[in-house]
Amino acid sequence: MAHPKTGGYLPVPNVQALAQTWNGSGELVPDRYVRTEEAAADEVVARCELPVVDLGRLLDPRSSKEQLVNLGYACQHWGYFQLINHGVPEEVIRDVRRDIAEFFRLPLEAKKACAQLPDDIQGYGQGFVFSETQKLDWADMIYLKLRPVESRSMRFWPAQPPSLRGSVDRFSAAAAEVTASLLRFMAADMGVQPERLLEKFGAQPQTMKVTYYPPCRLAGDVLGLSPHTDACALTLLLHVNDVPGLQIRRDDGKWHAVEPLEGAFVVNVGDTLEMLSNGKYKSVEHRVAVHPDEERISAAMFHQLLPNTTVGPLPELVKGSGGGARYRSVDYADFMKQFFSERHDKGVRHLDHYRM
């Protein structure tokens, strides 16, 4: 159950359409989007240089050991890294970038052809809106279930541009292959047999959230994405265009602005992988700032556990920790139901519900 029925998110205005009118109006930011106090409360450190992991060198027996140390350091101390030499063909990335950008250039009515239904997060719209007074993110999104292939609901997949379904399918398969490789190496770094970790994923449930962040001339007054951690195991982020905005909160309490490397994926550990590792890996809070003049588009590929599995520390890691289990085990479907029922505008860490 990668995204259970939500019980209904409230509909809110389309932000792309709002921005097109508002940016030239000279008016103040609509009150429901004003996050001035929150956005300015914490210091932002520019040009955060994430660890860089080379998948090609991980796969090469001559350099794998050295790169495994690098991967372990990134997951344990940062929870984030940039993945280079990942092997996804340039044409696959080029095509999916082109088609995603073209989708968001369509008229609003055309995009609404794949709009969300009241009780589901899939489709075009927004999510996690539960009240009429809740502060809103300066963004629109389309959320799709990708894998297993038979679980796709094509009612939510855009028919325009015509090549989008094929390009997303090819990118989905490539991202899943990259993730499977990373999980094997992560298991080795944790000190468990790869099969013990991979059996939690089975056919590799995968969803995609493509987010469009319109420009905002008063960018310091809004947030594109509220602070949160990802509930999944592993996220691969593709920057569809070259406009930065991702910020991660480090142990110093400050937000650090990530500068994406050309051709790299930004990869982050999610809540379930932190739980499986018994806290060895870190799921890190992050948010998105918007640009005053330029749109930003990103595609996050969420890789998740099987719906009928239990999420909690792997027993062999509890035995070797000396401190016991740091998280209680829970049915994964219940875990995700809790995540999708929470407001994400208050910076509440979903993982805190399960700490021992």
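How each quantity is defined
- Residues numbered from 1 in each chain as written.
- Predicted model: local features only at pLDDT ≥ 70, side-chain atom pairs only at ≥ 80, totals over all residues.
- Heavy atoms only, no water.
- Core = buried A, V, L, I, M, F, W, Y, C linked by side-chain atoms within 4.5 Å.
- Buried < 20%, exposed > 50% of the residue type's maximum accessible area, 1.4 Å probe, protein only.
- Contact = heavy atoms within 4.5 Å.
- Axes fitted to C-alpha atoms, helices over the stretch in contact; angles between N-to-C directions.
- Helix = DSSP H or I, 4+ residues; strand = E, 2+ residues; numbered from the N terminus.
- Parallel < 35°, antiparallel > 145°, perpendicular 65-115°, else oblique.
- Left-handed = near helix turned anticlockwise from the far one by under 90°.
- Polar contact = N/O pair within 3.5 Å; in protein donor to acceptor, adjacent residues only side chain to side chain.
- Expected span 1.5 Å × (residues − 1).
- UniProt positions renumbered as here; feature names shortened; annotations may be inferred.
- Salt bridge = Lys/Arg side-chain N within 4 Å of Asp/Glu carboxyl O.
- Pairing = 2+ DSSP bridges.
- Phe/Tyr/Trp six-rings, centres within 6.5 Å; stacked < 30°, edge-to-face > 60°.
- Lys NZ or Arg CZ within 6 Å of the ring centre and 35° of its normal.

**Q** Go over the nonpolar core with me, naming the residues and quoting the values.
**A** Core analysis: the largest hydrophobic core is formed by 90 residues, its most contacted members being Phe81, Met186 and Leu273. Setting aside its immediate chain neighbours within four residues, Phe81 contacts Leu50, Pro51, Val53, Leu71, Ala74, Cys75, Leu182, Met186, Phe265, Val266 and Val267. Within the second largest apolar cluster, 17 residues are counted, among which are Val129, Leu136, Cys216 and Leu225.

**Q** So what's going on with the packing of helix α5 (residues 90-105) against helix α7 (residues 164-190)? Which residues, and what values?
**A** Where α5 contacts α7, the two axes come as close as 9 Å, and the packing angle between them is 135 degrees. Taken together, the axes of α5 and α7 lie oblique to each other. Between α5 and α7 lies a crossing of left-handed hand. Contacts between α5 and α7 involve Val92, Ile93, Asp95, Val96, Asp99, Ile100 and Phe103 from the former and Leu164, Ser167, Val168, Arg170 and Phe171 from the latter.

**Q** Lay out the side chain of Arg152 in plain terms, naming residues and giving numbers.
**A** Mapped onto the secondary structure, Arg152 falls in the loop between β5 (140-147) and α7. At 2.9 Å, the side chain of Arg152 and the side chain of Asp169 are in polar contact. If we ignore the near neighbours within four places in the chain, the residues touching Arg152 are Lys145, Leu146, Trp157, Asp169 and Ser172.

**Q** Before we move on, can you summarise helix α4 (residues 64-78) with the specific residues and values?
**A** Along its 15 residues, α4 runs 20 Å from first to last C-alpha, staying within 8% of the 21 Å computed at 1.5 Å per residue. Along α4, the residues that are buried comprise Ser64, Gln67, Leu71, Gly72, Ala74, Cys75 and Trp78. A positive backbone phi angle near 75 degrees is found at Gly79, which sits one or two residues after α4.

**Q** Residues and numbers for the UniProt feature "domain: Fe2OG dioxygenase" (unreviewed entry) in the protein chain, please.
**A** The positions that UniProt labels "domain: Fe2OG dioxygenase" (unreviewed entry) are, in the present scheme, residues 204-305. Secondary structure content for residues 204-305 is 6% helix and 41% strand, while the C-alpha to C-alpha distance between its ends is 7 Å.

**Q** Could you give an account of the pattern of salt bridges, naming the residues involved and the relevant values?
**A** Should the charged atoms of two oppositely charged side chains come close, the side chains can pair. In total, this model carries 17 salt bridges according to the counting rule given. A salt bridge links Glu102 to Arg105; the shortest N-O distance between them is 3.1 Å. Placement of both Glu102 and Arg105 in helix α5 is noted, with a separation of three residues, approximately one turn of the helix. Classification of Glu102 as partly exposed rests on a relative accessible area of 31%. Salt bridges sharing partners connect three or more residues here, namely Arg94, Asp95, Arg98 and Asp99.

**Q** Hey, could you go over the sheet that holds strand β4 (residues 123-125) for me, with residue numbers and the actual values?
**A** One open sheet accounts for eight strands, arranged β2-β3-β11-β8-β13-β6-β5-β4; its pairing is mixed. Each edge of the sheet is formed by a strand with only one pairing partner; in this case those strands are β2 (52-54) and β4. Put simply, the sheet's adjacent strands are angled 25 degrees from each other on average, direction ignored. In this structure, β5 lies alongside strand β6 (residues 206-213), joined through seven bridges in antiparallel fashion. When the bridges of β6 are listed, Lys145 appears paired with Thr207.

**Q** Account for the packing of aromatic side chains, naming residues and giving values.
**A** For any two aromatic rings, the description comes down to two numbers: the centre-to-centre distance and the angle of the planes. Tallied over the full model, the rule gives ten aromatic pairs. Seen in terms of ring centroids, Trp22 and Trp138 are 5.6 Å apart; in terms of plane orientation they differ by 70 degrees. Their pairing is edge-to-face. Here Trp22 is found in helix α1 (residues 15-22), whereas its partner Trp138 is found in the loop between β4 and β5, with 116 residues between them in sequence. The class for Trp22 is buried, based on a relative accessible area of 4%. A relative accessible area of 0% places Trp138 in the buried class. Judged by centre distance (5.3 Å) and plane angle (85 degrees), the ring pair of Tyr33 and Trp138 falls under edge-to-face. Of this pair, Tyr33 sits in the loop between α1 and α2 (36-40) while Trp138 sits in the loop between β4 and β5, and the two are 105 residues apart along the sequence. Neither residue differs from the other here; Tyr33 and Trp138 are each classed as buried. Each residue in the set Phe103, Phe104, Tyr124 and Tyr212 is aromatic and connected to the rest through ring pairs, giving one cluster. One Lys or Arg, Arg217, reaches over the ring of Trp22 and ends 4.0 Å from the middle of that ring. When the ring centre of Trp78 is taken as origin, the NZ or CZ atom of Arg250, which lies over that ring, is 3.6 Å away.

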